[in-house]
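So you can see what is in the structure, the chains are spelled out below.
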Amino acid sequence: RQIWNVFRLIIRISRIVLVLVVIYIFLNFVLGLFPWSRYLAYTLLGYVVGPLKILSQSFIDYLPRLFYLIIIYMIFRYLLGITKAFFDQLERGQLTITGFDAEWALPTYRIIRALVVILGIIIAYPYIPGSGSEAFKGISILIGILFSLGSSSLIANMIAGYTMTYRRAFRVGDLVKFGINI
C-alpha cells in the first residue's frame, strides 16, 4: 500500500510538472507569434534558459574537482579493502603479531576504519561543491558542535568498551553475570 501511495504521488508530481511545461511552451509560442509580445516571450524564455546555462557551465567547470573526488574515493576504498583483508587474516589466525590477540582484530579494524574515513573526508572536503561558501562552513560548525555536545556519553561508552577489550578483562567464552544480589 505504501509503495502504491508513493507511486501515485510520483505520478501526480510528474503530471503537474508536465502540465506546467506544456503551459510554458504554449505561452512562449503564443507570445512569440505577435510582434508586440515577442519581447515578453524572449524574457520568459530567458527565465528558463539562463539558469540552465549557468547550471551546465557550473557542472562543466566542476568536472576536474569531481575527478579528484572520484580518485580520492577509489584510493580510500582500496585502502579500506587492504585494511579489512589484513584484519580478517589476523582474526582467522593466518597472520599473527606478537602480543596481539586474534579477538582484537575486529575492534581494531573498526577504529582504523573510522580514522581512515575521517581522513578521507578531511582530504576530500575542499573538492566538495560549495565547501568554500559561508553557509556550508556555518552548517559544518553547527553539526560539529551538535555532535560534540550530544556524543559525550556515546564516546565514553565506546572508550570503556574498547578499554575492556584491550585490557583483556574478558575473553570470548567467559561467563559474565549482571545485576545486584540482594
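Being a predicted model, the structure only gives us computed values, none of them experimental.

A look at the pattern of salt bridges
- Taken as a whole, this structure holds 2 salt bridges when the rule is applied.
- A salt bridge links Lys84 to Asp88; the nearest nitrogen and oxygen atoms lie 3.3 Å apart. Taken together, the residues Lys84 and Asp88, both in helix H2 (residues 38-92) and 4 residues apart, mark about one turn of the helix.
- For Lys84, a relative accessible area of 33% puts it in the partly exposed group.

What to know about the packing of H2 against helix H3 (residues 105-124)
- Packing of H2 against H3 brings their axes to within 10 Å, and their N-to-C directions diverge by 170°. Taken together, the axes of H2 and H3 are roughly antiparallel relative to one another. Counted together, Leu69, Ile72, Phe76, Leu79, Leu80, Thr83, Lys84, Phe87, Leu90 and Glu91 of H2 and Ala105, Leu106, Thr108, Tyr109, Ile112, Arg113, Val116, Val117, Leu119, Gly120, Ile123 and Ala124 of H3 form the full contact between these two elements.
- Taken together, the residues of the contact of H2 with H3 break down into 16 nonpolar, 3 polar and 3 charged.

Some remarks on H3
- Taking 1.5 Å per residue, 20 residues should reach 28 Å; H3 reaches 28 Å between its end C-alpha atoms and fits that length.
- Taken together, the buried positions of H3 are occupied by Ala105, Pro107, Thr108, Tyr109, Val116, Gly120 and Ala124.

A closer look at the packing of aromatic side chains
- Considering all chains together, one arrives at 7 aromatic pairs under this definition.
- Ring centres of Phe87 and Tyr109 lie 6.2 Å apart, and the angle between their planes is 55°; on these two criteria the pair is classed as tilted. Remark: Tyr109 occurs in helix H3 and Phe87 occurs in helix H2; sequence separation between them is 22 residues. When sorted by exposure, Phe87 lands in the same class as Tyr109, which is buried.
- Their ring planes at 85° and their centres at 5.6 Å tell us that Phe100 and Trp104 sit as a pair that is edge-to-face.
- For Phe100, a relative accessible area of 22% corresponds to the partly exposed category.
- Judged by relative accessible area, Trp104 falls into the buried class, the value being 9%.
- Among the aromatic side chains, those forming a connected cluster through ring pairs are Phe86, Phe87 and Tyr109.
- The ring of Tyr109 carries Lys84 above its face, with NZ or CZ at 5.1 Å from the centroid.

Re the packing of H3 against helix H5 (residues 152-166)
- Between H3 and H5, the least distance of the axes is 10 Å, while the angle of their chain directions is 140°. Overall, the two elements H3 and H5 adopt an arrangement that is oblique. The way H3 lies across H5 gives a crossing that is left-handed. Residues Pro107, Thr108, Arg110 and Ile111 of H3 pack against Tyr162, Thr165 and Tyr166 of H5.
- Tallied by class, residues from the contact of H3 with H5 come to 4 nonpolar, 2 polar and 1 charged.

Conventions adopted
Position numbers for residues start from 1 in each chain and track the written sequence from start to end. In keeping with the predicted nature of the model, local features appear solely for residues at pLDDT of at least 70, side-chain atom pairs appear and are counted solely at 80 or more, and the whole-chain, interface and lining totals rest on all residues. Here the side-chain values reflect all heavy atoms present in the structure, with hydrogen atoms and water set aside. A side-chain nitrogen of Lys or Arg and a carboxyl oxygen of Asp or Glu constitute a salt bridge if their distance falls within 4 Å. Secondary structure is summarised from DSSP: a helix means a run of H or I of at least four residues, a strand means a run of E of at least two, and numbering begins at the N terminus for each. Burial classification: accessible surface area is computed with a 1.4 Å probe over protein chains only, and a residue below 20% of its type maximum counts as buried, one above 50% as exposed, and the rest as partly exposed. Angles here are taken between N-to-C directions and fall from 0 to 180 degrees, while the axes themselves are lines fitted to C-alpha atoms, restricted in helices to the stretch in contact. Throughout, the term roughly parallel applies to angles under 35 degrees, roughly antiparallel to angles over 145, roughly perpendicular to angles from 65 to 115, and oblique to all others. Residue contacts are defined here by distance: any two heavy atoms, one from each residue, within 4.5 Å place the two residues in contact. Here the nonpolar group is Ala, Val, Leu, Ile, Met, Phe, Trp, Tyr, Cys and Pro; Asp, Glu, Lys and Arg are the charged ones; every other residue, Gly included, is treated as polar. In a helix, the anticipated span is given by 1.5 Å times the number of residues less one. The pairing test for Phe, Tyr and Trp rings, Trp by its six-membered ring, is centres within 6.5 Å, and the orientation test on the planes gives stacked under 30 degrees, edge-to-face over 60, and tilted for anything in between. Each ring is checked for a lysine NZ or an arginine CZ that lies within 6 Å of its centre and within 35 degrees of its normal; such an atom marks a charge sitting over the ring. Definitions for this section: a left-handed crossing has its near helix turned counterclockwise from the far helix by less than a right angle. A right-handed crossing has that turn clockwise.

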